[in-house]
Amino acid sequence: MPNLAETSAAPSPLTALTEEEKMFQDTVRRFARERIGPHVREMDAAAIFRPDLLREMFELGLMGIEIPEEYGGQGGSFFQAVLAVEALAAVDPSAAVIVDVQNTIANNVIIRWGSDYQKRRYLPQLASDMVASFALSEAGSGSDAFALATRATQRGGEYFITGRKLWITNAGESGLFLVFANANPEAGHRGITCFLVERDFPGFQVGKKEDKLGIRASSTCELILDDCRVPASNVLGEVGKGYKIAIETLNEGRIAIGAQMTGLAQGALDHAIAYAKQRQQFGKPIAEFQGVQFDLAQMATEVEAARLLVYNAARLHDAGRPYVTEAAMAKYFASQVAEDTASRAVEIFGGVGFTKDFPVEKLYRDAKIGRIYEGTSNMQRLTIAKGILG
Ligand SMILES: Cc1cc2nc3c(=O)[nH]c(=O)nc-3n(C[C@H](O)[C@H](O)[C@H](O)COP(=O)(O)OP(=O)(O)OC[C@H]3O[C@@H](n4cnc5c(N)ncnc54)[C@H](O)[C@@H]3O)c2cc1C
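Throughout what follows, the structure given in this document is the object of discussion. (Residues numbered from 1 in each chain as written. Predicted model: local features only at pLDDT ≥ 70, side-chain atom pairs only at ≥ 80, totals over all residues. Heavy atoms only, no water.)

This brings us to the overall build of the protein chain. A count of helical and extended segments in the protein chain gives eleven helices and ten strands. Its C-alpha radius of gyration of 21 Å places the protein chain within 12% of the 21 Å reference for a compact globule of 390 residues. In terms of overall dimensions, the protein chain has C-alpha extents of about 80 × 60 × 40 Å along its principal axes. Put simply, the protein chain has 390 residues, and 52% of those count as buried. For the protein chain, contacts bridging at least 24 residues in sequence account for 73% of all contacts bridging at least 6. (Helix = DSSP H or I, 4+ residues; strand = E, 2+ residues; numbered from the N terminus. Rg over C-alpha atoms; globule rule 2.2 N^0.38 Å. Buried < 20%, exposed > 50% of the residue type's maximum accessible area, 1.4 Å probe, protein only. Contact = heavy atoms within 4.5 Å.)

So, in structure tokens, the structure goes:
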């Protein structure tokens, strides 16, 4: 029998990283711990992500991971973006979602669907100093995203967009917005088109910023488009392709939300382990009580299972294999694990876990969003059911 491990066809364990991936992960972990860590509490309270840290994320290449080197990016893989989001989320899930939306949503859409002109104009900026947002949701269209009411009308060589977008991540900082509007309502969802809208285009305005339960340092704002003038050269892909662009992008992006939730859960588990070893009750560390050990064991098992689902979906994606069902499973499961793990971590900390003096209450608040954005848990279950039922 040939030794499978010695043949090139031997499959690797899912958590095995290449040398390059490991170095990248170590760099992001160190940055998260040393640079972001000291500011997490203050940024959560102020509901602001520090501009100096955002600049450092650009300098480290974290905002242009998959942008090809010819445009000033890192030329990395989707899997590397997933590793970055996971590592950041263990310290601050807000930092993770800023990087997540920039890389796995905005940059990816332009890399994949952008014209040469759009790539030349936007990718170098996105790799160096410009944040971007993905604007699909509206007050009346969330899960039913393609019922959107924003309209685009062509006049001469320009489009004029009117409507309101809600819940737009990164909008406080973004210079570029991928706005979905219907350019041909009679065609239903086949009229939906994606436009590249710059912040200073006439008729465009960032509206109210939401005051949120969690991921408070990540900005979430309304967008107001009032006859907003967009050159026809800023139509992404083609008129009517917005539906396909949005679906395919979100299918991929939700793997990174799974990574955000896995990182968050790992962060909560790490805090719980450290605290359990140090907190004494009944004359010994609480980590010596079997009841506490069982909780930690359960948490560790669930975090590992979430990571395996996320890494598997990301590796399938990078291998060009079907991954849509696996991506939905990863997001669905990891967001549940994040909520459960953070909740147990609060309990292991006891009373102090319920205060802002310790980091687990924030992770508990931050976890809730995992089951809502980029498709609620019910929408993930619909995708999974469709995948398994055929
Ligand atoms: C912090 C934050 C950041 C966000 N960032 C962005 C962003 O950057 N860009 C963007 O475009 N959007 C963004 N969103 C919007 C987000 O994607 C939507 O909130 C989400 O898709 C749910 O839509 P909704 O809020 O309208 O809820 P609804 O669609 O109204 O859902 C309400 C409830 O009904 C359930 N439900 C709805 N339809 C069905 C069904 N068919 N079967 C079973 N259950 C169903 C849902 O599961 C949910 O529990 C963000 C939201 C938040 C809160």
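Further notes follow.
A separate point is the pattern of salt bridges. Pairing between side chains becomes possible if they bear opposite charge and their charged atoms approach one another. Applying the stated criterion across every chain, the model contains 26 salt bridges. In this structure, the salt-bridge partner of Lys165 is Glu138, at a minimum N-O distance of 2.8 Å. Separated by 27 residues along the polypeptide, Lys165 in strand β3 (residues 158-169) and Glu138 in the loop between β1 (131-135) and β2 (151-155) bring together distant segments of the chain. In this structure, Lys165 and Glu138 share a single accessibility class: buried. The partner of Arg155 in a salt bridge is Asp227, and the shortest N-O contact between them spans 3.2 Å. Of this pair, Arg155 sits in strand β2 while Asp227 sits in strand β7 (residues 220-231); the two residues are 72 residues apart in sequence, bridging distant segments of the chain. Classification of Asp227 as partly exposed rests on a relative accessible area of 37%. Linked by salt bridges that have partners in common, Asp44, Lys356, Glu361 and Arg365 make up one network. (Salt bridge = Lys/Arg side-chain N within 4 Å of Asp/Glu carboxyl O.)

Another aspect to go through is the pairing of β1. Counting buried positions over the five residues of β1 gives five, a clear majority of the element. The side-chain alternation of β1 yields two buried faces, one formed by Val131, Ser133 and Ala135 and the other by Ala132 and Phe134. Summarising the sheet, β1 and strand β4 (residues 174-182) pair through five bridges and their orientation is parallel. Note on β4: the bridge partner recorded for Ser133 is Phe177. (Pairing = 2+ DSSP bridges.)

This part is about the packing of aromatic side chains. Each aromatic ring pair is summarised here by two numbers: the centre-to-centre distance and the angle between the ring planes. Evaluated as defined, the whole model comprises nine aromatic pairs. Residues Phe177 and Phe204 carry aromatic rings whose centres are separated by 4.7 Å and whose planes lie at 45° to one another, so their mutual orientation is tilted. Remark: Phe204 occurs in strand β6 (residues 204-209) and Phe177 occurs in strand β4; sequence separation between them is 27 residues. Judged by relative accessible area, Phe204 falls into the buried class, the value being 9%. Where Tyr275 meets Phe349, the ring centres are 4.3 Å apart and the plane angle is 15°; that geometry is what we call stacked. Within this pair, whereas Tyr275 is found in helix α7 (residues 242-278), its partner Phe349 is found in the loop between α9 (324-348) and α10 (360-367), the two being separated by 74 residues in sequence. (Phe/Tyr/Trp six-rings, centres within 6.5 Å; stacked < 30°, edge-to-face > 60°.)

Okay, the pairing of strand β5 (residues 192-198) next. β5 sits mainly inside the fold: seven of its seven residues count as buried. Side chains Ile192, Cys194, Leu196 and Glu198 of β5 all project onto a buried face; the interleaved residues Thr193, Phe195 and Val197 project onto the opposite face, where all are buried too. Here β4 runs beside β5; their pairing, made up of seven bridges, is antiparallel. The residue of β5 that forms the bridge with Ala181 is Thr193. Taken together, the two bridges between β5 and strand β8 (residues 235-236) define a ladder with antiparallel strand orientation. Across the sheet, residue Phe195 finds its bridge partner in β8, namely Val235.

Turning our eyes to something else, we now look at the environment of Pro93. By secondary structure assignment, the location of Pro93 is in helix α5 (residues 93-113). The spatial distance from the C-alpha of Pro93 to the C-alpha of Leu363 is 7.8 Å, given a sequence separation of 270 residues.

On to the packing of α5 against α7. Following both chains from N to C, one finds α5 and α7 inclined at 155°, their axes separated by 10 Å at the closest point. One way to sum up the angle between α5 and α7 is to call them roughly antiparallel. Relative to α7, α5 is oriented so that their crossing is right-handed. Residue-level contacts link Pro93, Ala96, Val97, Asp100, Thr104, Ile105, Asn108, Val109, Arg112 and Trp113 of α5 to Lys244, Ile245, Glu248, Thr249, Leu250, Glu252, Gly253, Ala256, Ile257, Gln260 and Leu264 of α7. (Axes fitted to C-alpha atoms, helices over the stretch in contact; angles between N-to-C directions. Parallel < 35°, antiparallel > 145°, perpendicular 65-115°, else oblique. Left-handed = near helix turned anticlockwise from the far one by under 90°.)

As for its placement among the helices and strands, Glu210 is situated in the loop between β6 and β7. For Glu210, a relative accessible area of 17% corresponds to the buried category. Sequence separation between Glu210 and Leu166 is 44 residues; the distance between their C-alpha atoms is 9.5 Å. Excluding residues within four positions of it along the chain, Glu210 makes contact with Leu166, Trp167 and Thr220.

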